[in-house]
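Fold and geometry: a report
Below are the chains, spelled out letter by letter.
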Amino acid sequence: NMKAKKDKLFPRPLEVTSLYTKCGFGDYQFKTTCELEKSPVVVGQKRAFDAMDFGIRIKSDGYNLFALGPTGTGKLTAVKQIVARTAAERPPASDWCYVNNFSESHKPTALRLSPGQGNIFKNDMDQFINEARIVIPATFEGDEYRSKAEELEEELKDRHAAPLNELSEEAKRQNIALIKTATGFAFAPLGKDEEVLSPEEFNTLPEATRKEIQEKISALHEKLRHVLSHFPTWRKETNEKLQALDRETAESAIKHLIESLKNRYRDNPPIVAYIEMIEQDIFKNLSDFRGSRDEAALSIFGTVPHTDTFRRYTVNVLVDNSAQES
């Protein structure tokens, strides 16, 4: 009993052979551990891993994952591992771009594209705007546009001239001339030789004759005011025709560019809709394009940057996944 108690209180030293176990490597199918599949860095913690896996797979909005624990326990590494593993099972992340909202400029529009397509779309739009800034002014400088615009202006002149000529003939039959002045039109009495009477000659006429002439001129002035009252309306109608001509000319100038762009992104309806909005905005702001041909030609070669006027057409790439595999 004493010996048993002594052995219990003072255990015998272990043999050297008991402190080491020799492992045989003949059964292993790898040369180095680099060839082995990676195992979780954090050993155990199954409930924590299951919770993270569940949280990451929730697709609804408004959910967040919060990992809490002592520093240095591998929380960040574990989360990254699970996120990477889950991402590998899903399609590659999309590119996202912000573009101008032409209806509400303070609320930019977000466009979603396939991975790596964001910068391609940006470059396509930059190229389109630069080309539009060349072809639009070139088309307006062409003989066809000038001929049509001059024809509309001539039609307006003829429309003005017809009633004025008629009124002039009516006045002439009453020995009164319709004279164009620097500020408009005026009437003056004519003498026997059909020359305009000077104020001195007019004052030598009998009072009754002067009064009769003044009454005739007053009546003719009233008719002139009636004729001239139509001029603003006719000018407005001609301006509307010129604006329609401008739109038609611009449409013909960029039609092939627009169709090419829309065809390139036909599988992405929001982008097609955005291209159509740009087209309409160009038609509303043709003055920005009609005089920018030389500058646009230089900007294509990178020597002149976009002016502020055209910044509204710039595509801002927020998320670029061109280098991401998943």
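Notes on the structure follow. Here the structure is a predicted model, which means the values were calculated and not measured.

**Some points on unusual backbone geometry**
With the exception of glycine, most residues fall at negative phi, and the peptide bonds are largely trans. Positive phi, normally seen in glycine, also occurs at Asn175, with a value near 60 degrees. You can see Asn175 is positioned in the loop between helix H5 (143-173) and strand S3 (176-180).

**Some words on the packing of aromatic side chains**
One pass over the full model with this rule turns up eight aromatic pairs. Aromatic pair Phe102 and Tyr313: ring centres 6.1 Å apart, planes at 40 degrees, arrangement tilted. In this pair, Phe102 is assigned in the loop between strand S1 (95-99) and strand S2 (109-113) and Tyr313 in the loop between helix H11 (293-300) and strand S5 (316-319), connecting sequence segments 211 residues apart. Given the relative accessible area of 23%, Phe102 is considered partly exposed. The class for Tyr313 is buried, based on a relative accessible area of 1%. Aromatic side chains Phe231 and Trp234 sit 5.6 Å apart centroid to centroid with 35 degrees between the ring planes, which places their arrangement in the tilted category.

**Focus: the pattern of salt bridges**
Enumeration according to the criterion identifies 18 salt bridges in this entry. Residue Lys107 is joined to Glu104 by a salt bridge in which the shortest nitrogen-to-oxygen separation is 3.6 Å. By relative accessible area, which is 35% here, Glu104 ends up partly exposed. Among the ionic pairs, Glu222 bridges to Arg225, the shortest N-O distance being 2.4 Å. Linking Glu222 with Arg225, this pair stays in helix H7 (residues 207-228), spanning three residues, or about one helical turn. According to the relative accessible area criterion, Glu222 is partly exposed, its value standing at 46%. What makes Arg225 partly exposed here is its relative accessible area of 48%. Sharing partners across several salt bridges, the network here consists of Glu144, Lys148 and Glu248.

**Side note on helix H2 (residues 46-56)**
Among the residues of H2, Phe49, Met52 and Ile56 are the ones counted as buried. Viewed along the axis of H2, the buried residues span an arc of 65 degrees, placing them on a single side of the element. Within H2, the exposed residues directed more than 90 degrees away from the buried face are Lys46, Arg47 and Phe54. For H2, the secondary structure elements touched by its buried residues are helix H3 (75-88).

**As for the environment of Thr249**
When you line up the elements, Thr249 lands in helix H8 (residues 231-264). Look at Thr249 and you get buried, because its relative accessible area is 8%. Ignoring any residue separated from it by four or fewer positions in sequence, one finds Thr249 in contact with Thr139, Phe140 and Tyr145. A distance of 2.7 Å separates the side chain of Thr249 from the backbone oxygen of Leu245, its partner in a polar contact.

**Re the pairing of S3**
Across a regular strand the side chains alternate sides, sitting on one face of the sheet and then on the other. Sheet topology note: the S3/strand S4 (residues 185-189) ladder contains five bridges and is antiparallel. Looking at S4, one finds that Leu178 is bridged to Phe187. The turn joining S3 and S4, which pair antiparallel and follow one another in sequence, is formed by four residues; a positive phi near 155 degrees is taken by Gly184.

**Observations concerning the nonpolar core**
With 34 residues, the main nonpolar core has Phe121, Met125, Phe128, Ile136, Ile254, Ile278 and Ile282 as its most contacted residues. Elements with a contribution of two residues or more to this core: S1, S2, helix H4 (117-140), H5, H8, helix H9 (269-284) and helix H10 (286-290). Looking at this core element by element, the count peaks at eight residues for H8. Setting aside anything within four residues of it in sequence, one finds Ile254 in contact with Ala132, Val135, Ile136, Glu279, Ile282 and Phe283. Judged by nonpolar contacts, the second largest core, of 15 residues, contains Leu156, Leu220, Val227 and Trp234.

What counts, and at which threshold
- Residues numbered from 1 in each chain as written.
- Predicted model: local features only at pLDDT ≥ 70, side-chain atom pairs only at ≥ 80, totals over all residues.
- Heavy atoms only, no water.
- Helix = DSSP H or I, 4+ residues; strand = E, 2+ residues; numbered from the N terminus.
- Phe/Tyr/Trp six-rings, centres within 6.5 Å; stacked < 30°, edge-to-face > 60°.
- Buried < 20%, exposed > 50% of the residue type's maximum accessible area, 1.4 Å probe, protein only.
- Salt bridge = Lys/Arg side-chain N within 4 Å of Asp/Glu carboxyl O.
- Arc of directions from axis to C-beta.
- Contact = heavy atoms within 4.5 Å.
- Polar contact = N/O pair within 3.5 Å; in protein donor to acceptor, adjacent residues only side chain to side chain.
- Pairing = 2+ DSSP bridges.
- Core = buried A, V, L, I, M, F, W, Y, C linked by side-chain atoms within 4.5 Å.

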